[in-house]
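# Working through the structure, step by step
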Amino acid sequence: GFNASEQSAMIVAAAENPDVHGIGIQQAAGDMDAAVQKCVEAGKPVVGFSVDASTPGNKRMSCICQNFIASGLSLGGLAAASLKEGCTVLLLHHDDGVDCLEQRLQGIKQALQPLSPTFIRAPACGITQESAAAVVEAAIAQHPDVDAIIASGQSDLEGAALCKQRGLVKAEVPVYGYD
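### Digging into unusual backbone geometry
At S116, a residue that is not glycine, the phi angle is positive and equals roughly 50°. One can find S116 in the loop between helix 4 (99–112) and strand 5 (118–121). Here S116 falls in the partly exposed class, since its relative accessible area comes to 45%.

Here you go:
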């Protein structure tokens with residue numbers, strides 16, 4: 001799983017390493033500004049992936065990301081077209097505490113809210129297809145009447161797809177997701 005303090009320590013170590021010429025960060029969580037500032041002071045560019053580029057005063061040179069809530073609204077809107085009022089939706093994520101996944105799920109839930117759905121949040125699925133499939137299989141065993149499965153990241157989407165291929169998810173249950 002993701003650990004903000006470990007990431008900050010890695011960024012500081014990269015700033016101090018003469019063999020490192022640039023830093024790419026995956027997740028803006030916790031107080032990374034001090035760590036990023038050390039890179040800036042060392043003359044090393046910092047580029048973010050899936051981080052919040054709109055944070056005022058951040059020191060990232062550039063950022064590759066999406067508007068995660070708007071993205072969730074879009075995917076949730078697509079899912080809503082195939083669902084009925086009072087539906088049950090299984091929500092998946094691969095790791096706890098990852099801002100972009102939480103924001104995607106926030107948008108998905110907002111888009112589906114007019115249907116008055118019941119949301120079931122599965123535990124974190126992990127970053128492999130098989131670990132995700134095991135979590136999805138357990139969630140489906142506990143909640144066999146879900147009307148849709150929505151994954152906020154790649155491994156959880158792949159795990160849900162494996163479960164569907166293996167016949168563990170009903171054929172009529174759509175699976176939506178990212179990556």
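### Observations regarding the nonpolar core
Among the nonpolar cores identified, the biggest contains 19 residues, and L90, L92, V136, I140, V146 and I149 are the most heavily contacted of them. Broken down by secondary-structure element, the contributors of at least two residues to this core are strand 4 (88–92), helix 5 (129–142), strand 6 (148–151) and helix 6 (154–165). Here this core gets six residues from one element, more than from any other, and that element is helix 5. Ignoring any residue separated from it by four or fewer positions in sequence, one finds I149 in contact with L90, L92, V136, I140, A160, V169, V173, P174, V175 and Y176. Membership of the second largest hydrophobic core comes to 14 residues, among which are A79, L112, L115 and A148.

### A short note on helix 3 (residues 68–80)
Here helix 3 contains 13 residues, and its C-alpha end-to-end distance of 18 Å stays within 8% of the 18 Å for a straight helix at 1.5 Å per residue. Considered for burial, the residues of helix 3 that qualify are F68, S71, G72, L75, G76 and A79. Across the axial projection of helix 3, the buried residues extend over an arc of 130°, all falling on one side. In this fold, the buried residues of helix 3 make contact with helix 4, strand 6 and strand 7 (175–176).

### With respect to the environment of I149
Positionally, I149 belongs in strand 6. Overall, the relative accessible area of 0% leaves I149 in the buried class. For the pair I149 and V89, spaced 60 residues apart in sequence, the C-alpha separation works out to 5.8 Å.

### With respect to the pairing of strand 4
For a regular strand, side-chain orientation follows a simple rule: the groups alternate between the two sheet faces. A large share of strand 4 lies buried, amounting to five of its five residues. Here strand 4 shows two buried faces, one formed by T88, L90 and L92 and the other by V89 and L91. In the sheet, strand 4 pairs with strand 5 via four bridges, with the strands oriented parallel. Counterpart to L91 in the pairing with strand 5 is R121. As for the winding sense of the linkage, the β-α-β connection from strand 4 through helix 4 to strand 5 is right-handed. Where strand 4 meets strand 6, four bridges bridge the pair, whose relative direction is parallel. Residue V89 lies in a different strand from strand 6, and its bridge partner there is A148.

Parameters and conventions
- Residues numbered from 1 in each chain as written.
- Predicted model: local features only at pLDDT ≥ 70, side-chain atom pairs only at ≥ 80, totals over all residues.
- Heavy atoms only, no water.
- Helix = DSSP H or I, 4+ residues; strand = E, 2+ residues; numbered from the N terminus.
- Buried < 20%, exposed > 50% of the residue type's maximum accessible area, 1.4 Å probe, protein only.
- Core = buried A, V, L, I, M, F, W, Y, C linked by side-chain atoms within 4.5 Å.
- Contact = heavy atoms within 4.5 Å.
- Expected span 1.5 Å × (residues − 1).
- Arc of directions from axis to C-beta.
- Pairing = 2+ DSSP bridges.
- Right-handed = clockwise from strand over helix to strand, strands pointing away.

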